[in-house]
Every structure is written in C-alpha cells, then in structure tokens.
Amino acid sequence: MTGKCPFSLEEEFEKFSSYSMTPDEAHDLIERARTECPVPYSRELGGFHVFMNYEDVRNGLLDFQTYASGPSVLRPYSEDMPVFPPSSFDPPEHGPWRKIFTGGVNVRTPGRIEPLVRADTIELIESFVEKGECDLHLDLAELIPMKAIFHVLGLEPELHDTLRKMNVELLAAVGEPEKFMELWVPFAEFGWKAVEKKKADPQDDYLSVLADADIDGRPLTPEEVGACVISLLTAGHGTTTAALTNLFYEVLRRPELKQRLIDNPEDIPLAVDEGLRLHHPFLGLYRMATKDVEVHGKTIKKGESVYMAWEAANRDPAVTENPLDFNIDRSGFQSLAWGLGKHSCVGRMTALMEQRVVMEELLARVPDIELTAPEKVKWDFHGAETQGFLELPARFTARPRRDS
Ligand code: HEM
C-alpha cells in the first residue's frame, strides 16, 4: 500500500464525512480506497485523515502518545465546546477521570442491573404483545438503554423521558457549538443537582460515586460533575439503542438464524458481537496527531485530525473472510467495536448484557416475530457520528397480555 491516491479518489474523499453522506456512500468510498488510497484526506469538519484498515486503526488506537484523544474525539471541534470526561483526556490526566467512571460502571454492574433490565424488557414487550405488531426501534431499542443507564446512575424513572430527549437533542447539535452549549448548561446543572441529592442517601450507583469523587485530592466542580453525568448518558444510550436495532434487523430477517437462537439462547452473545462488528453505532471517532508521523508514505502533520474508522476496520478483508456477511460463527480476530487500549469502552459488559437480555426475552415471548418491511430500512447518520435507522416495524401472532 502507498499513500499515492488516484486523483479521482482523492477528490471524492475531500467531501467524506458523516454530515455530508450516508453510511452506504461512506462505505462504498472506503471499499474503493482500501488498497490504493489507505490514508485519504477529507476537507470536511475542519479537515481530517482517515484510517480504515484494521492494522492502521488498531495501531492508532493503541498509540495514544501519537494520536491524542484531547481536546475532543468529535469533529467539528470548537474551543467553546465543553470537555467530555474521560474521552477527551489523555494520559496521565485520563487515568483519574477514568477511575471515576469505572467506580460506577464495572464488572459488578451487569449482575447488579440485569434483573432490572429484564423486568423493564418484559414490561415493554407486554405493552405491545396483544397488538400483534410493534416498532422494534421505538418500542424497545430506544427505551431499554436509557432505562438501563438510569439503573446504573441510580436515578428515578420519572425523569426517563425528559433525559432521553435532552440526550438525543444534545448529540444532534454537535455540529452547532452555540446550540450545543444552550442544551449543555441545563443538562449539566441537572446532573450536578442529582448528585447533590444523592449525598443525603448514597447507594451502590454511579451518582453516589460522583458524590464522593475527587481528582488528585480536589473535589469536582459542579460543571465537572455535570459533565460526568452527561458523558455516561451520551456514551451509553444512543450506542446501545443503535446496536439493538441493528441486531434485530440482522437476526429477524434470517429465519434459520432466529430459530437457532430460540433453540440455543447461549448463542445470542455471538450474534451480538457480529452485529456490532458489521454495524457499529458510530463508524469511528477522531484523534489529533501530537507530532509529524508517516503512514503508508503519507505525512500526517502535528495538530492534524485522524478519523479512526473502526467499523471499516472490522470489515477489512485482510483480517476476516467475507466481511460483509453476517456470520455469527466468525472467529479468529479481535473486533474493534469496543475501541482498544486506554479508552476502550467502560460499559462493554453492561451493553452486552442489555442486548442479550432483550433478545432472550423477545424471542421467548414472540418467537414468530418477523420484520414487516426490511427492504425499507434506510441507514443514516444522526449527528455526532451516530448511525442507524429510526424505525423497524415488526409483526407476530397477537397474544393475551400477562399482567405482573
Ligand atoms: C453497544 C454499545 C456500546 C458501544 C458499541 C460502545 C463503544 C465504545 C467505543 C468504541 C469506545 C472507545 C471510544 C474511543 O476510543 O474514543 C467507548 C468508550 C466509552 N464507553 Fe462505550 N460503547 C457502548 C456502550 C456503552 C455503555 C452502555 C456505557 C456506560 C454505561 C459506555 C461507556 C463508555 C465510556 C465512559 C467510554 C469512554 C472511555 C474512555 O475514554 O476511557 N459505553 N465505547
């Protein structure tokens, strides 16, 4: 591979971004560039290089000294935008921030909240089981991850709809710093007040961890506390929602696979992994070069942005066969779906559990469920790099509701 792009590809890539094209268009361009133009440059969003091949993305994620997460992993970057801890920090500052997050979301979390996630899932399924139809995105995938984060945070369920709306609006405004700040300030204030309230009655939850948190011995400011609450909500809601919708889409349009998962629910985690490999909630995120560096004969200059396109890396034919097939028996390579190294996903085990539980309950309760119009599914980007689709109608034999 060389850094010499054919002119036509170079020109096409100048307009590459999640704000200016659809996910299908982005992937089409990436697949045409993989070999001849492995590190192309886009002039969108302030300009950035793209890493798309597995080895490049893997090495880039691990090499935090060359590819920094600060000042932000989102583009366009504006100095007026607030900091997202722990994502926007690099070592050594990153460590103490990450420790706050892992204090509230860790190996114990999935076990602690699984019964609650299961109860929420059953309640939602019962709410539409008599109708014989539902929208799997709106009636299930959009709702469960926010409810799950509420259990992680230790927040009262009455605020669920308000915060879900605030979260979706905030992420959609990443490209508009002024609007973003208008939404951020009341959101952060809400987070800080919720943590203050917790101080009177601390529990085993993330807000209680924040109530007691410090950075190298100094207490967090109200703005920092608010930012920690917002970061967890943004990291864990839209991501898991998109992952669930994608999983339903891939499994339910394959009757044999669906039957295999009904007969062998222990295989559901394989489908979850494969769903995330093929369709990530976000194609990638950004880093900033801390020094001049040469990759495939091309110079990336200090201060320039690099897009780590991990979804493209997970589809790299150099590391996995027939990468566009949905194959739950795929093995032998490490998916980059959870990132890698210092910034790898804090909520991985929790997000895996959520998807497994929802799939288990859905297939057990309405095993004949099928998608109503899979051919109408249209992938799109929805701000801040998130991608997916916003409706997924399904039908099944109507059944009497079981009241709890
Ligand atoms: C299917 C759902 C999810 C996916 C695919 C996902 C994926 C990722 C990825 C790829 C990263 C690395 C970002 C980077 O390198 O810049 C990340 C970071 C992170 N994730 Fe997740 N995530 C999911 C769900 C969650 C959930 C449910 C939570 C919390 C409950 C969470 C919390 C975080 C946090 C706090 C970080 C930042 C870690 C750091 O910078 O040290 N994620 N996630």
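Each remark here, short or long, concerns the structure printed above.
Residues numbered from 1 in each chain as written. Predicted model: local features only at pLDDT ≥ 70, side-chain atom pairs only at ≥ 80, totals over all residues. Heavy atoms only, no water.

### Structural notes on the coordination of the iron atom of the ligand
Right, on to step 1. For the iron atom of the ligand, the protein supplies a single donor, Cys345 (SG), at a distance of 2.3 Å.
Right, on to step 2. Mapped onto the elements, Cys345 comes out in the loop between helix 14 (310-314) and helix 15 (348-365). (Donors = N, O, S within 2.8 Å, 3.2 Å for Na, K, Ca; no water. Helix = DSSP H or I, 4+ residues; strand = E, 2+ residues; numbered from the N terminus.)

### Side note on the sheet that holds strand 10 (residues 305-308)
Right, on to step 1. In space, the five strands of this open sheet follow the order 1-2-10-7-3, with mixed pairing throughout. The open sheet is flanked by strand 1 (41-42) and strand 3 (67-68), the only strands paired with a single partner. (Pairing = 2+ DSSP bridges.)

### Observations concerning the packing of aromatic side chains
Right, on to step 1. Summed over all chains, the structure comprises 18 aromatic pairs.
Right, on to step 2. Residues Phe101 and Tyr206 carry aromatic rings whose centres are separated by 5.7 Å and whose planes lie at 50° to one another, so their mutual orientation is tilted. Here Phe101, found in helix 4 (residues 94-104), pairs with Tyr206, found in helix 10 (residues 206-211); they are 105 residues apart in sequence, far enough to count as distant.
Right, on to step 3. Classification of Tyr206 by relative accessible area gives buried; the value is 0%.
Right, on to step 4. Ring pairing ties together the aromatic residues Phe13, Phe16, Phe48, Tyr286 and Tyr307, which thus form one cluster. (Phe/Tyr/Trp six-rings, centres within 6.5 Å; stacked < 30°, edge-to-face > 60°. Buried < 20%, exposed > 50% of the residue type's maximum accessible area, 1.4 Å probe, protein only.)

### Points about the side chain of Glu224
Right, on to step 1. Note that Glu224 resides in helix 11 (residues 222-252).
Right, on to step 2. On the basis of relative accessibility, which here comes to 19%, the residue Glu224 falls in the buried class.
Right, on to step 3. Within the structure, the side chain of Glu224 is placed 2.9 Å from the side chain of Arg218, a separation counted as a polar contact.
Right, on to step 4. With residues up to four places along the chain from it excluded, the contact list for Glu224 reads Trp97 and Arg218. (Polar contact = N/O pair within 3.5 Å; in protein donor to acceptor, adjacent residues only side chain to side chain. Contact = heavy atoms within 4.5 Å.)

### Here we look at the packing of helix 9 (residues 177-198) against helix 11
Right, on to step 1. The geometry of helix 9 relative to helix 11 is characterised by a closest axis approach of 7 Å and an angle of 100° between their N-to-C directions. It follows that helix 9 is roughly perpendicular to helix 11 by the angle criterion. On the side of helix 9, the interface is formed by Trp184, Phe187, Ala188, Gly191, Trp192 and Val195, while helix 11 contributes Pro222, Val225, Gly226, Ala227, Val229, Ile230 and Leu233. (Axes fitted to C-alpha atoms, helices over the stretch in contact; angles between N-to-C directions. Parallel < 35°, antiparallel > 145°, perpendicular 65-115°, else oblique.)

### Regarding the pairing of strand 7 (residues 285-289)
Right, on to step 1. The element strand 7 is extensively covered by neighbouring structure, given that four of its five residues are classed as buried.
Right, on to step 2. Two elements, strand 3 and strand 7, share two bridges in a ladder whose sense is antiparallel. Across the sheet, Ala68 pairs through a bridge with Met288, a residue of strand 7.
Right, on to step 3. Where strand 7 lies against strand 10, four bridges are found, and the strand directions are antiparallel. What sits directly across from Met288, in strand 10, is Ser305.

### Overview of the site of the ligand
Right, on to step 1. In the neighbourhood of the ligand, 28 residues make up the surrounding shell, with His94, Arg98, Arg287, His343 and Cys345 lying closest.
Right, on to step 2. Ala235 is positioned such that a nitrogen or oxygen atom in its backbone is 3.5 Å from a nitrogen atom of the ligand.
Right, on to step 3. Side-chain polar atom of His343 to an oxygen atom of the ligand: 2.7 Å apart, as the coordinates give it.
Right, on to step 4. A molecule is said to occupy a pocket when more than half its atoms come within 2 Å of that pocket's grid points, and by this definition the ligand occupies the largest cavity.
Right, on to step 5. Where the shell around the ligand is concerned, the elements lending two or more residues are helix 4, helix 11, strand 7 and helix 15.
Right, on to step 6. A per-class count over the shell around the ligand returns 14 nonpolar, eleven polar and three charged. (Near = heavy atom within 4 Å. 1 Å grid on protein atoms, 1.4 Å probe; cavity = no way out; pocket = protein on both sides within 12 Å on 5 of 7 lines; lining within 4 Å. Sits in = over half its atoms within 2 Å of the grid points. Nonpolar A, V, L, I, M, F, W, Y, C, P; charged D, E, K, R; others polar.)

### Notes on the sheet that holds strand 11 (residues 370-371)
Right, on to step 1. Here three strands make up an open sheet; going across it, the order is 4-14-11 and the pairing antiparallel. Only two strands of the sheet have a single neighbouring strand rather than two, namely strand 4 (133-135) and strand 11.

### Here's the deal with the side chain of Asp267
Right, on to step 1. With respect to the helices and strands, Asp267 occurs in the loop between helix 12 (255-263) and helix 13 (268-278).
Right, on to step 2. You can call Asp267 buried: its relative accessible area is 15%.
Right, on to step 3. Side chain to side chain, Asp267 and Arg260 meet in a polar contact 2.9 Å long.
Right, on to step 4. Not counting the four nearest positions on each side in its chain, Asp267 is found in contact with Arg260, Leu261 and Ile328.

### Side note on the state of the cysteines
Right, on to step 1. Summed over all chains, the structure comprises one disulfide.
Right, on to step 2. One disulfide bridge connects Cys5 with Cys37, the sulfur atoms lying 1.6 Å from each other. On the sign convention where negative means left-handed, the S-S torsion of about 45° between Cys5 and Cys37 marks this disulfide as right-handed. Highlighted residues: Cys5 in the segment before helix 1 (7-13) and Cys37 in the loop between helix 2 (23-33) and strand 1, separated in sequence by 32 residues. Cys37 shares its class with Cys5; the two are buried.
Right, on to step 3. Between Cys228, a cysteine without a disulfide, and Cys345, which holds the nearest cysteine sulfur, the sulfur-to-sulfur distance is 16 Å.
Right, on to step 4. What makes Cys345 partly exposed here is its relative accessible area of 34%. (Disulfide = S-S within 2.5 Å.)

### So, empty space enclosed by the protein
Right, on to step 1. Across all of its chains, the model carries four cavities of 30 Å³ or more by this definition.
Right, on to step 2. For the largest cavity, the calculated volume is near 1,000 Å³.
Right, on to step 3. Around the largest cavity, the lining comprises 50 residues; the ones closest to its centre are Ser87, Ala235, Thr239, Phe282 and Cys345.
Right, on to step 4. Looking at the lining of the largest cavity, the elements that each hand over two or more residues are helix 4, helix 7 (144-153), helix 11, strand 7 and helix 15.
Right, on to step 5. Sorting elements by how many residues they give to the lining of the largest cavity places helix 11 first, with nine residues.
Right, on to step 6. Among the residues making up the lining of the largest cavity, the classes are represented as 27 nonpolar, 19 polar and four charged.
Right, on to step 7. Elements represented by at least two residues in the lining of the second largest cavity include exactly helix 4, helix 5 (109-128) and helix 10.
Right, on to step 8. Of the residues belonging to the lining of the second largest cavity, the class tally is two nonpolar, four polar and four charged. (Points joined across faces, edges and corners; volume = space filled by probe spheres on them.)

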